[in-house]
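For reference, the chains in residue letters:
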Amino acid sequence: MPELPEVETTCRGIAPHLTGKTIAQAVIRNSRLRWPVPDELPSLLPGLTIRSVTRRAKYLLLDCDAGALLIHLGMSGSLRILSAKSGYDSELPQKHDHFDLVLRDQTILRLRDPRRFGAVLWHAGDGLQHPLLLNLGSEPLTADFSAAQLFEKTRGSRTAIKQTLMNHHVVVGVGNIYANEALFLAGINPKTAAGRIALPRYEILVQAVKQTLQLAIEAGGSTLRDFVHSDGSSGYFQQQYWVYGRTGQLCKKCAGIIKHIRQGQRSSYYCPSCQH
Ligand SMILES: [Zn+2]
């Protein structure tokens, strides 16, 4: 599943090909995504110019003055750029290529989504005001996500820190992998009640979250060029993990055994001797 680093990398990968360009055509091949793709897009979008491509949580926002196109990659979605220069004429849309945005310079932004949990939505006006984006928590890579704020928000909370990190009303885009890895780096047991963690430990945790996401984004940097004319799958990063998915294996720090528990239907992995 595309996590925040993949979406951020997608954003950086597609932005140079779209920004300042005018839309010629929108092609909906299958509107049955997580929510129906609005059927007015083919008449609404042509002639609009894309002013910017940004990300909020795991949504991509293509701001077009009159409104914004919101794209979410869901469980299995990927975007890529087909450019006339690289000979896309020979490449016909495949079964899971549900949506194309065709620009006047003949560049195509193509959404492929086999499991169809992704979304293409339109919001008239400021895209950040779309109901799905209101009430979201802090962006983890900005100063808005800070130890002081996390400390403040969690006073009195008996919710486990792992679930708190994954609550998008608190902070967005910290998926299961990154929550597990950041808690390991910070030496915090995922079951610890968020309200019992002191400010200095939150300082370490917040840095660990930022660092974990940043490293993943950097790992994805090398795949940026593949947004042009790739099979679209290279946007998902394979990484080496400290604890994620390593049940029963040796801890890379202390050689203890990595444990697995379920928390709120999600898998948590941790080292009982490194994380308290
Ligand atoms: Zn350990």
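Quick caveat: nothing in here was measured; it's all calculated off a predicted structure.

**Some words on the confidence of the model for the chain**
The predicted model of the chain has a mean per-residue pLDDT of 91, with 91% of residues at 70 or higher. Across residues 229–236, confidence stays below pLDDT 50; counting only partners more than four residues off in sequence or on other chains, it has 20 contacts.

**With respect to the sheet that holds strand 3 (residues 59–63)**
Strand order in the open sheet formed by 4 strands is 2-3-4-8, and the pairing between neighbours is antiparallel. Across the chains shown, the open sheet's two edge strands, defined by having one partner strand only, are strand 2 (52–56) and strand 8 (119–124). Each strand axis lies, on average, 25° off the axis of its neighbour in the sheet, ignoring direction. Contacts from helix 1 (residues 4–18) reach strand 2 and strand 3 within the one sheet, and its direction differs from that of strand 2 by about 170°.

**Structural notes on the sheet that holds strand 7 (residues 108–112)**
Where strands meet in a sheet, backbone hydrogen bonds hold them as pairs that are either parallel or antiparallel. Across the sheet, 4 strands lie side by side as 1-6-7-5; this open sheet has antiparallel pairing. A strand with exactly one partner marks an edge of an open sheet, and here the two such strands are strand 1 (23–28) and strand 5 (78–82). With direction set aside, neighbouring strand axes in the sheet form an average angle of 15°. Here 5 bridges tie strand 6 (residues 97–103) to strand 7, and the two strands are oriented antiparallel to one another. When the bridges of strand 7 are listed, Asp97 appears paired with Arg112. In the packing of helix 1 onto the sheet, contacts are made with strand 5, strand 6 and strand 7, and the angle to strand 5 comes to roughly 30°.

**Section: the coordination of the zinc ion**
Looking at the zinc ion, one finds its protein donor set to be Cys251 (SG), Cys254 (SG), Cys271 (SG) and Cys274 (SG), positioned 2.2 to 2.4 Å from the metal centre. Metal-centred angles of 100 to 113° between the 4 donor atoms at the zinc ion mark the site as tetrahedral. Donor residues for the zinc ion sit on one chain with the sequence pattern C-x2-C-x16-C-x2-C. Here the residue Cys251 occupies a position in the loop between helix 6 (199–221) and strand 9 (259–263), and Cys271 occupies one in the segment after strand 10 (266–270), the gap between them amounting to 20 residues. No difference in accessibility class separates Cys251 from Cys271, as the two residues are buried.

**Considering the pattern of salt bridges**
Note that side chains of opposite charge can pair when their charged atoms are close. By the definition in use, this model includes 9 salt bridges. For Arg12, the salt bridge identified is with Glu8, shortest N-O distance 2.8 Å. Taken as a pair, Arg12 and Glu8 lie in helix 1 at a separation of 4 residues, close to a single helical turn. Note on Arg12: relative accessible area 42%, which makes it partly exposed. Note on Glu8: relative accessible area 12%, which makes it buried. In this structure, the salt-bridge partner of Arg55 is Glu8, at a minimum N-O distance of 2.6 Å. Pair noted here: Arg55 is in strand 2 and Glu8 is in helix 1, with a separation of 47 residues, a long-range link. Judged by relative accessible area, Arg55 falls into the buried class, the value being 16%. A single salt-bridge network, built from bridges that share partners, covers Glu8, Arg12, Arg55, Arg56 and Glu139.

Reading the values: the criteria
- Residues numbered from 1 in each chain as written.
- Predicted model: local features only at pLDDT ≥ 70, side-chain atom pairs only at ≥ 80, totals over all residues.
- Heavy atoms only, no water.
- pLDDT = per-residue confidence, 0-100.
- Contact = heavy atoms within 4.5 Å.
- Pairing = 2+ DSSP bridges.
- Helix = DSSP H or I, 4+ residues; strand = E, 2+ residues; numbered from the N terminus.
- Axes fitted to C-alpha atoms, helices over the stretch in contact; angles between N-to-C directions.
- Donors = N, O, S within 2.8 Å, 3.2 Å for Na, K, Ca; no water.
- Tetrahedral: all angles 85-135°; square planar, octahedral: opposite > 155°, others 65-115°.
- Buried < 20%, exposed > 50% of the residue type's maximum accessible area, 1.4 Å probe, protein only.
- Salt bridge = Lys/Arg side-chain N within 4 Å of Asp/Glu carboxyl O.

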